[in-house]
Amino acid sequence: DVKVTQSSRYLVKRTGEKVFLECVQDMDHENMFWYRQDPGLGLRLIYFSYDVKMKEKGDIPEGYSVSREKKERFSLILESASTNQTSMYLCALGDYNEQFFGPGTRLTVL
Amino acid sequence: GEDVEQSLFLSVREGDSSVINCTYTDSSSTYLYWYKQEPGAGLQLLTYIFSNMDMKQDQRLTVLLNKKDKHLSLRIADTQTGDSAIYFCAENMRNDYKLSFGAGTTVTVRA
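Note that residues are indexed from 1 along each chain, following the sequence as it is written. Labels follow written order: the first chain is A, the first ligand is 1, and so on. The predicted origin of the model limits local features to residues at a pLDDT of at least 70 and limits the giving and counting of side-chain atom pairs to 80 or more, whereas totals for whole chains, interfaces and linings rest on all residues. The basis for the side-chain values is all heavy atoms of the structure; hydrogens and waters are excluded.

## Looking at the interface of chain B and chain A
Logical step 1: Residue contacts follow a heavy-atom distance rule, with two residues in contact if any of their heavy atoms lie within 4.5 Å. Counting residues at the interface gives 22 residues for chain B and 21 residues for chain A.
Logical step 2: Taken together, both faces of the contact between chain B and chain A bury some 1,800 Å²; the carbon and sulfur share is 57%.
Logical step 3: Only one rule defines a salt bridge in this text: a Lys or Arg side-chain nitrogen within 4 Å of an Asp or Glu carboxyl oxygen. Inspection of the chain B/chain A interface yields 0 salt bridges.
Logical step 4: Counting of polar contacts relies on pairs of N or O atoms within 3.5 Å, with two restrictions inside protein: one atom must be capable of donating a hydrogen and the other of accepting it, and residues adjacent in sequence are counted only when both atoms are side-chain atoms. Along the contact surface separating chain B from chain A lie 3 residue pairs in polar contact (both at pLDDT 80 or more).
Logical step 5: Only DSSP runs of H or I covering at least 4 residues are called helices, and only runs of E covering at least 2 are called strands; the numbering of each starts at the N terminus. Contributions of two or more residues to the side of chain B that touches chain A are made by β4 (31–37), β5 (43–50), β9 (85–92) and β10 (99–101) of chain B. Defined here as a combined quantity, buried area equals the accessible surface (1.4 Å probe) lost by two parts on assembly, summed across both.

The following block contains the structure:
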């Protein structure tokens, strides 16, 4: 079974804090993705990576950055958290025929 | 996602069939997908269909694709309480491995 692990299920941070969301896979897969999920908007792609140290912007990259130093780990970074970044964050890996999702991190920014 | 549209809510009686509809915009999409999200969980792939197919059946699930109208539907036969979830339609935009998702349809199964 594919295992996609996200470091926290729930996280509460203050405005202006630097926030790290971690995603770890055990599949040795090249492609990894970060989405945010908001009611009525579905999933929107923030960033993705197709190999170590490679990254591309998705549809809503503003206010976020990513890091992929090792193949198994893909980190999403909020440099200075803001209240409009309160959301559910989902990590995924995969390609054409299937993407495997982690359980999500619900981030609240106060 | 603005490129994929689906209704937000569906209520169905246990034992009836559920039909969830979706429209997409990118005619170059190779794959169209249905994902299921149960409460408190990530998304799980239910099924997908190649763009050169009209229909795909997998046990209680039937996917219909109308390429002319860019319309995709998911039919769940004999809907059970365990089918209560959010269902997302998705396409791979520009024949890429990046996916574009709809807003999700929340299906509620009532006794």
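## Things to note about the packing of aromatic side chains
Logical step 1: The criterion for an aromatic pair is that two Phe, Tyr or Trp rings (for Trp, the six-membered ring) have centres within 6.5 Å, with stacked assigned to planes under 30 degrees apart, edge-to-face to planes over 60 apart and tilted to the rest. Evaluated as defined, the whole model comprises 15 aromatic pairs over all chains.
Logical step 2: Where Y35 of chain A meets F101 of chain A, the ring centres are 5.7 Å apart and the plane angle is 35°; that geometry is what we call tilted. In this pair, Y35 of chain A sits in strand β4 (residues 32–38) while F101 of chain A sits in strand β10 (residues 99–101), placing the two residues 66 residues apart along the sequence.
Logical step 3: Residue exposure (1.4 Å probe, protein chains only): buried if accessible area is under 20% of the type maximum, exposed if over 50%, otherwise partly exposed. When its relative accessible area of 0% is taken as the criterion, Y35 of chain A is described as buried.
Logical step 4: Relative accessible area serves as the criterion here: at 11%, F101 of chain A is assigned to the buried category.
Logical step 5: Note on Y31 of chain B and Y33 of chain B: the rings are 6.0 Å apart at their centroids and 10° apart in plane angle, and the pair reads as stacked.
Logical step 6: One aromatic cluster is present, built from ring pairs that chain together F33, Y35, F48 and F101 of chain A together with Y31, Y33, Y35, Y48, F50, F88 and F101 of chain B.
Logical step 7: Of note, K56 of chain B hangs over the ring of Y48 of chain B, and the distance from its end group to the ring centre comes to 4.5 Å. A ring has a charge above it when a Lys NZ or an Arg CZ is no more than 6 Å from the ring centre and no more than 35 degrees off the ring normal.

## A short note on the sheet that holds strand β3 (residues 18–23) of chain B
Residue and element names in this part refer to chain B.
Logical step 1: Spatial strand order, β1-β3-β8-β7-β6: 5 strands in an open sheet with antiparallel pairing. Every interior strand has two partners, whereas the edge strands, β1 (5–6) and β6 (55–58), have only one.
Logical step 2: Here β1 runs beside β3; their pairing, made up of 2 bridges, is antiparallel. Paired with E5 across the strands is T23, a residue of β3. Strand pairing requires that DSSP identify at least two bridges connecting the strands.

## Focus: the sheet that holds strand β8 (residues 73–78) of chain A
All names here are of chain A.
Logical step 1: As summarised here, the arrangement of the 4 strands in space is β1-β3-β8-β7, forming an open sheet in which the pairing is antiparallel. Edge strands, defined here as strands with exactly one partner in the open sheet, are β1 (4–6) and β7 (65–70). When strand polarity is set aside, the average angle formed by the axes of neighbouring strands in this sheet is 20°. Only the contacting stretch of a helix is used when fitting its axis, a line to C-alpha atoms as for every element, and angles between N-to-C directions run 0 to 180 degrees.

## Side note on the state of the cysteines
Logical step 1: Note on terminology: disulfide denotes any pair of cysteine sulfur atoms within 2.5 Å. Within the structure shown, the criterion is met by 2 disulfides over all chains.
Logical step 2: A sulfur-sulfur distance of 1.9 Å marks the disulfide that ties C23 of chain A to C91 of chain A. A torsion of -75° about the S-S bond marks the disulfide between C23 of chain A and C91 of chain A as left-handed. One end of the pair, C23 of chain A, is in strand β3 (residues 19–25); the other, C91 of chain A, is in strand β9 (residues 87–94), and 68 residues separate them in sequence.
Logical step 3: The disulfide partner of C22 of chain B is C89 of chain B, and the gap between their sulfur atoms is 1.9 Å. Where C22 of chain B bonds to C89 of chain B through sulfur, the torsion about that S-S bond is close to -65°, and the disulfide is left-handed. Taken as a pair, C22 of chain B in strand β3 and C89 of chain B in strand β9 lie far apart in primary sequence, 67 residues in all.
Logical step 4: Given the relative accessible area of 0%, C22 of chain B is considered buried.

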